[in-house]
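Letter by letter, the chains look like this.
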Amino acid sequence: MAKKVLVSGGAGYIGSHVTVELIAAGYDVVVADNMSNCDISGFEGVKKITGREDIPFYEIDCCDFASVDKLFTEHKIDAVIHFAAFKAVGESVSEPIKYYYNNLVSFLNILEVAKKHGGCNVLFSSSATVYGESKVLPVTEQTPRMPAMSPYGNTKTMCEDILRDVVYATSTQDAVIKGIALRYFNPIGAHPSALIGELPRGVPNNLVPYITQTAIGKRECLSIFGNDYPTEDGTCLRDFIDVTDLAKAHVAAVARMFGGKMKKGYEIFNVGTGRPVSVYELVTKFEKVSGVKLNYKFVPRREGDVMALWADPTFANEELGWKAERTVEETLASAWAWEKYLAEKNK
Ligand code: WQD
């Protein structure tokens, strides 16, 4: 029988892409989402891509223990991939209680319920934000984490530690929990079908949705935050990872858990390309693949930005047998196709 994977936050940007790849790999998937930061179109897109109308969907808030408990009673869950969290860095600074409450309580509930139902594998969606402004580049999983720059970042660090401690404690108990934290670098792009992608609410905070919305005419001008960094072209360096490549890393991590290949009860993997690309380079590459001349200007640095961050993905490459495959150009083309699809749909 196929293993069953719960994807919490499965209607969102990364969760929807992961759901698609899990189904393609033959897993049974249950999706839970409270729809607080997405609409049903993401889940509809997943159904279209996979041709599966029967994916169980729970509109629940993982902060509600009883709802999570009910889901685990109705399905025998073999692994959870936990995405359900708030993710706006700026908002987390002005509303820390909201962020700490939601991101921590939902994860604690997942862990407690998993334990109550006999234990399972837990994959946590962490972030490269835990490395902060690293002195050593590229960062490996052993590079020390730095104090987070925001309550959002703090919740990622805290959830990693919670998972580590729960794995340690349950290793000698009846209900065992095994854990993997995947540290994502900068996920960008959309599914090649252009049926699912990122749906930012309001003005985007992240670079690529801002670029595509400017190109389509929804935003007037892209502000490039800082061109006086000590980098080659003066703009920040990031490790932009295609969302489908990222999704495939989850499938590899889940297979590792099910296959009994983990070397420790709790493991961490960087999920990045290993290739730094500057903000300005990304803008010029976008212009090339889209054929659109982008309206942009240089403005002062954005508070809280690190100058450069990119992954050493060797550990994931070797241990998960996973590697980022798409070029930045391919990924930017997918982001542009998605933006055009949205414009067409909303006409
Ligand atoms: C990338 C680069 C900006 C917008 C954040 C979170 C991280 C993760 C991913 C999310 C930076 C520059 C951006 C714009 C710009 N989590 N930029 N103009 O900050 O690397 O990472 O998103 O859920 O935890 O911190 O990503 O896309 O915001 O910025 O010049 O309008 O683009 O200064 O150098 P970031 P980003």
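**Student:** Please set out the environment of Thr244 residue by residue, giving values where relevant.
**Tutor:** Within the element layout of this structure, Thr244 appears in helix H8 (residues 243–258). Residue class for Thr244 comes out buried when judged on its relative accessible area of 3%. Separated by 81 residues in the primary sequence, Thr244 and Glu325 have C-alpha atoms spaced 9.3 Å apart.

**Student:** Can you break down the packing of aromatic side chains residue by residue, with the values?
**Tutor:** Tallied over the entire structure, the rule returns 11 aromatic pairs. Ring centres of Phe107 and Phe124 lie 4.9 Å apart, and the angle between their planes is 35 degrees; on these two criteria the pair is classed as tilted. Residue Phe107 is found in helix H5 (residues 96–116), and its partner Phe124 is found in strand S5 (residues 121–127); the two are separated by 17 residues along the sequence. Phe107 sits in the buried class, given a relative accessible area of 0%. Look at Tyr131 and Phe185: their rings are 6.3 Å apart centre to centre, the planes differ by 25 degrees, and that puts the pair in the stacked class. Of the two residues, Tyr131 is situated in the loop between S5 and helix H6 (151–170) and Phe185 in the loop between strand S6 (178–184) and strand S7 (186–188); the sequence distance between them amounts to 54 residues. Under the relative-accessibility criterion, Tyr131 is labelled buried at 0%.

**Student:** Explain empty space enclosed by the protein to me, and be specific about the residues and the numbers.
**Tutor:** Under the counting rule described, the total for this entry stands at 2 cavities of 30 Å³ or more. Lining the largest cavity are Gly189, Glu198, Pro200, Val208, Pro209, Thr212, Gln213, Ala335, Trp338, Glu339 and Leu342. Put simply, the parts of the chain that give the lining of the largest cavity at least two residues each are helix H7 (207–216) and helix H11 (328–345). Residues of the lining of the largest cavity, tallied by class, amount to 6 nonpolar, 3 polar and 2 charged. Approximately 30 Å³ is the volume attributed to the second largest cavity. With 3 residues, the top contributor of residues to the lining of the second largest cavity is H6. Considered class by class, the residues forming the lining of the second largest cavity number 4 nonpolar, 3 polar and 1 charged.

**Student:** Residues and numbers for the pattern of salt bridges, please.
**Tutor:** A full pass over the atoms with the stated rule returns 22 salt bridges. A salt bridge links Glu44 to Lys47; the shortest N-O distance between them is 4.0 Å. Here Glu44 and its partner Lys47 are both found in helix H2 (residues 41–50), 3 residues apart, which amounts to about one turn of the helix. Overall, Glu44 belongs to the partly exposed group, its relative accessible area being 38%. Between Lys76 and Asp78 there is a salt bridge, and its shortest N-O distance comes to 2.7 Å. When its relative accessible area of 15% is taken as the criterion, Asp78 is described as buried. Put simply, Arg145, Glu160, Asp161, Arg164, Asp165 and Arg183 are held in one network by salt bridges that share partners.

**Student:** Residue-level account of the site of the ligand, with values.
**Tutor:** Close to the ligand lie 19 residues; Leu207, Ser223, Arg238, Arg302 and Asp305 are nearest. In this structure, an oxygen atom belonging to the ligand sits 3.0 Å away from a side-chain N or O atom of Asn206. A distance of 2.8 Å separates an oxygen atom of the ligand from a polar backbone atom of Leu207. Compared with its free state, where it exposes 690 Å², the ligand has 87% of that area covered by protein. Going through the elements one at a time, H7 and strand S8 (222–225) are the ones with two or more residues in the shell around the ligand. For the shell around the ligand, the leading source of residues is S8, giving 4 residues. Of the residues contributing to the shell around the ligand, the split by class is 9 nonpolar, 6 polar and 4 charged.

Each value, and the rule that gives it
Residues numbered from 1 in each chain as written. Predicted model: local features only at pLDDT ≥ 70, side-chain atom pairs only at ≥ 80, totals over all residues. Heavy atoms only, no water. Helix = DSSP H or I, 4+ residues; strand = E, 2+ residues; numbered from the N terminus. Buried < 20%, exposed > 50% of the residue type's maximum accessible area, 1.4 Å probe, protein only. Phe/Tyr/Trp six-rings, centres within 6.5 Å; stacked < 30°, edge-to-face > 60°. 1 Å grid on protein atoms, 1.4 Å probe; cavity = no way out; pocket = protein on both sides within 12 Å on 5 of 7 lines; lining within 4 Å. Points joined across faces, edges and corners; volume = space filled by probe spheres on them. Nonpolar A, V, L, I, M, F, W, Y, C, P; charged D, E, K, R; others polar. Salt bridge = Lys/Arg side-chain N within 4 Å of Asp/Glu carboxyl O. Near = heavy atom within 4 Å. Polar contact = N/O pair within 3.5 Å; in protein donor to acceptor, adjacent residues only side chain to side chain. Areas by Shrake-Rupley, 256 points an atom, 1.4 Å probe, with all protein chains shown as cover.

Nothing here speaks to function; it is geometry throughout.
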